[in-house]
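If you want the building blocks of each chain, they are given just below.
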Amino acid sequence: AQSVTQLGSHVSVSEGALVLLRCNYSSSVPPYLFWYVQYPNQGLQLLLKYTSAATLVKGINGFEAEFKKSETSFHLTKPSAHMSDAAEYFCAVRNTGGFKTIFGAGTRLFVKA
Amino acid sequence: DTAVSQTPKYLVTQMGNDKSIKCEQNLGHDTMYWYKQDSKKFLKIMFSYNNKELIINETVPNRFSPKSPDKAHLNLHINSLELGDSAVYFCASSQVPGETYEQYFGPGTRLTVT
């Protein structure tokens with residue numbers, strides 16, 4: 001069965017600092033991996049996804065993530081945080097051939113001025 | 001144009017009542033989902049329909065019943081509401097149920113049971 005672990009329920013960074021949100025997955029078959037962002041009182045929207053085409057994936061708003069099979073990780077990074085990045089971030093996994101997407105517990109990102 | 005819309009946005013009701021939440025998508029997707037997000041932001045899949053056929057039916061109380069009149073609509077009916085049903089319910093859609101396709105989420109319906 002697949003699962004997702006997001007390390008750190010809260011992450012706080014200063015504006016302009018590096019953002020690093022950690023995600024580790026468990027899957028018995030090659031996975032598809034996703035990062036979604038949820039702004040307050042809104043639904044989730046896709047930031048980026050890994051579909052085996054390239055291990056370094058670039059997404060919207062300057063975010064990127066690297067798939068590392070040996071570490072079963074898919075960490076999300078952004079070189080320089082903006083105040084507008086403050087939101088809840090969800091890592092998600094789906095097995096190839098599977099219907100169900102499993103979401104992590106979420107990481108709340110705070111950005112300090 | 002709103003891609004995935006839900007009504008109502010807020011729903012406050014008393015225990016024991018029956019209520020429905022409606023969802024519509026105009027993306028031409030084949031698959032729709034219902035998720036429940038609790039107060040700790042944990043997101044759990046409840047149901048999924050592909051072309052009006054139920055393909056995911058998680059362990060939820062049978063007081064919850066989804067209905068898909070066509071592939072653009074997926075409604076959620078809840079009987080005999082309980083305090084623990086208070087949560088935000090999200091509808092989502094995707095092009096097909098698996099493969100590489102991401103899901104598009106609606107704005108959510110905040111259900112409060114008093």
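Placed above this text is the structure.
Residues numbered from 1 in each chain as written. Chains lettered and ligands numbered in written order. Predicted model: local features only at pLDDT ≥ 70, side-chain atom pairs only at ≥ 80, totals over all residues. Heavy atoms only, no water.

J.: I tried to follow the sheet that holds strand E3 (residues 19–25) of chain B on my own but got confused; where do I start?
T.: Each strand in a sheet pairs with another by means of backbone hydrogen bonds, the pair being arranged parallel or else antiparallel. All names here are of chain B. In space, the four strands of this open sheet follow the order E1-E3-E8-E7, with antiparallel pairing throughout. Only two strands of the sheet have a single neighbouring strand rather than two, namely strand E1 (4–7) and strand E7 (64–70). Within this sheet the neighbouring strands show an average axis-to-axis angle of 20 degrees, counted without direction. For E7 and strand E8 (residues 73–78), the ladder comprises five bridges, and the chain directions are antiparallel. The partner of Lys 67 across the bridge, within E8, is Asn 75. (Pairing = 2+ DSSP bridges. Helix = DSSP H or I, 4+ residues; strand = E, 2+ residues; numbered from the N terminus. Axes fitted to C-alpha atoms, helices over the stretch in contact; angles between N-to-C directions.)

J.: Please explain the sheet that holds strand E7 (residues 64–68) of chain A as it appears in this structure.
T.: Residues and elements named next belong to chain A. Overall, antiparallel pairing links the five strands, which are arranged E1-E3-E8-E7-E6 in an open sheet. Each end of this open sheet is capped by a strand with a single partner; those strands are strand E1 (3–7) and strand E6 (56–58). Averaged over all adjacent pairs, the angle separating strand axes in this sheet is 20 degrees, with direction ignored. Taken together, the five bridges between E7 and strand E8 (residues 73–78) define a ladder with antiparallel strand orientation. Paired with Glu 66 across the strands is His 75, a residue of E8.

J.: Which parts of the structure should I look at to understand the packing of aromatic side chains?
T.: For any pair of aromatic rings, the description consists of the separation of the ring centres together with the inter-plane angle of the planes. Under the defined criterion, the tally for this structure stands at 13 aromatic pairs over all chains. Geometrically, the ring pair formed by A:Tyr50 and A:Phe74 is tilted, given 6.3 Å between the ring centres and 55 degrees between the ring planes. Residue A:Tyr50 is found in strand E5 (residues 44–50), and its partner A:Phe74 is found in strand E8; the two are separated by 24 residues along the sequence. Side by side, A:Tyr50 and A:Phe74 carry an identical accessibility label, which is buried. Judged by centre distance (5.5 Å) and plane angle (40 degrees), the ring pair of B:Tyr35 and B:Phe105 falls under tilted. Placement of the pair is B:Tyr35 in strand E4 (residues 31–37) and B:Phe105 in strand E10 (residues 104–105), with a sequence separation of 70 residues. (Phe/Tyr/Trp six-rings, centres within 6.5 Å; stacked < 30°, edge-to-face > 60°. Buried < 20%, exposed > 50% of the residue type's maximum accessible area, 1.4 Å probe, protein only.)

J.: Explain the pairing of E3(B) to me, please; I cannot follow it from the model alone.
T.: Successive side chains on a regular strand alternate, one facing one side of the sheet and the next facing the other. Pairing of E1(B) with E3(B) involves four bridges; the strand directions are antiparallel. Residue B:Thr7 lies in a different strand from E3(B), and its bridge partner there is B:Lys22.

J.: Would you mind going over the layout of surface pockets with me for this structure?
T.: With a probe scaled to a water molecule rolled over the atoms, the places where space remains empty come into view. Volume-wise, the largest pocket comes out at about 150 Å³. Along the walls of the largest pocket sit 14 residues, with A:Asn41, A:Gln42, B:Val88, B:Pro107 and B:Arg110 positioned nearest its centre. Where the lining of the largest pocket is concerned, the elements lending two or more residues are strand E9 (87–94) and strand E11 (109–113) of chain B. Residues belonging to the lining of the largest pocket are distributed by class as follows: five nonpolar, six polar and three charged. (1 Å grid on protein atoms, 1.4 Å probe; cavity = no way out; pocket = protein on both sides within 12 Å on 5 of 7 lines; lining within 4 Å. Points joined across faces, edges and corners; volume = space filled by probe spheres on them. Nonpolar A, V, L, I, M, F, W, Y, C, P; charged D, E, K, R; others polar.)

J.: I'm lost on the interface of chain B and chain A in this one. Help?
T.: How big an interface is tends to be stated in terms of accessible area lost as the parts join. Listed as interface residues are 24 residues of chain B and, on the opposing side, 20 residues of chain A. Together, the buried faces of chain B and chain A total about 1900 Å²; carbon and sulfur atoms form 54% of this surface. Where chain B touches chain A, the interface holds two salt bridges. Between B:Glu102 and A:Lys49 there is a salt bridge, with the nearest N and O atoms lying 2.7 Å from each other. At the junction of chain B and chain A, the tally comes to six residue pairs in polar contact (both at pLDDT 80 or more). (Contact = heavy atoms within 4.5 Å. Buried area = accessible area lost by both parts, 1.4 Å probe. Salt bridge = Lys/Arg side-chain N within 4 Å of Asp/Glu carboxyl O. Polar contact = N/O pair within 3.5 Å; in protein donor to acceptor, adjacent residues only side chain to side chain.)

J.: What is the right way to read the environment of B:Pro69 from this model?
T.: All names here are of chain B. Mapped onto the secondary structure, Pro 69 falls in strand E7. Along the chain, Pro 69 and Asn 51 lie 18 residues apart, while their C-alpha atoms are 9.8 Å from each other. Discounting chain neighbours no more than four positions away, the residues touching Pro 69 are Lys 52 and Asn 75.

J.: Could you clarify how one ought to interpret empty space enclosed by the protein in this entry?
T.: All names here are of chain B. Under the defined criterion, the tally for this structure stands at one cavity of 30 Å³ or more. A volume near 30 Å³ is recorded for the largest cavity. Lining the largest cavity, in full, are Asp 30, Met 32, Tyr 49, Asn 51, Lys 52, Ser 68, Asp 70, Lys 71, His 73 and Leu 74. For the lining of the largest cavity, the elements supplying multiple residues, two or more each, are E7 and E8. Looking at side-chain class alone, the lining of the largest cavity contains three nonpolar, three polar and four charged residues.

Take it as geometry only, folks, not as evidence of what the structure does.
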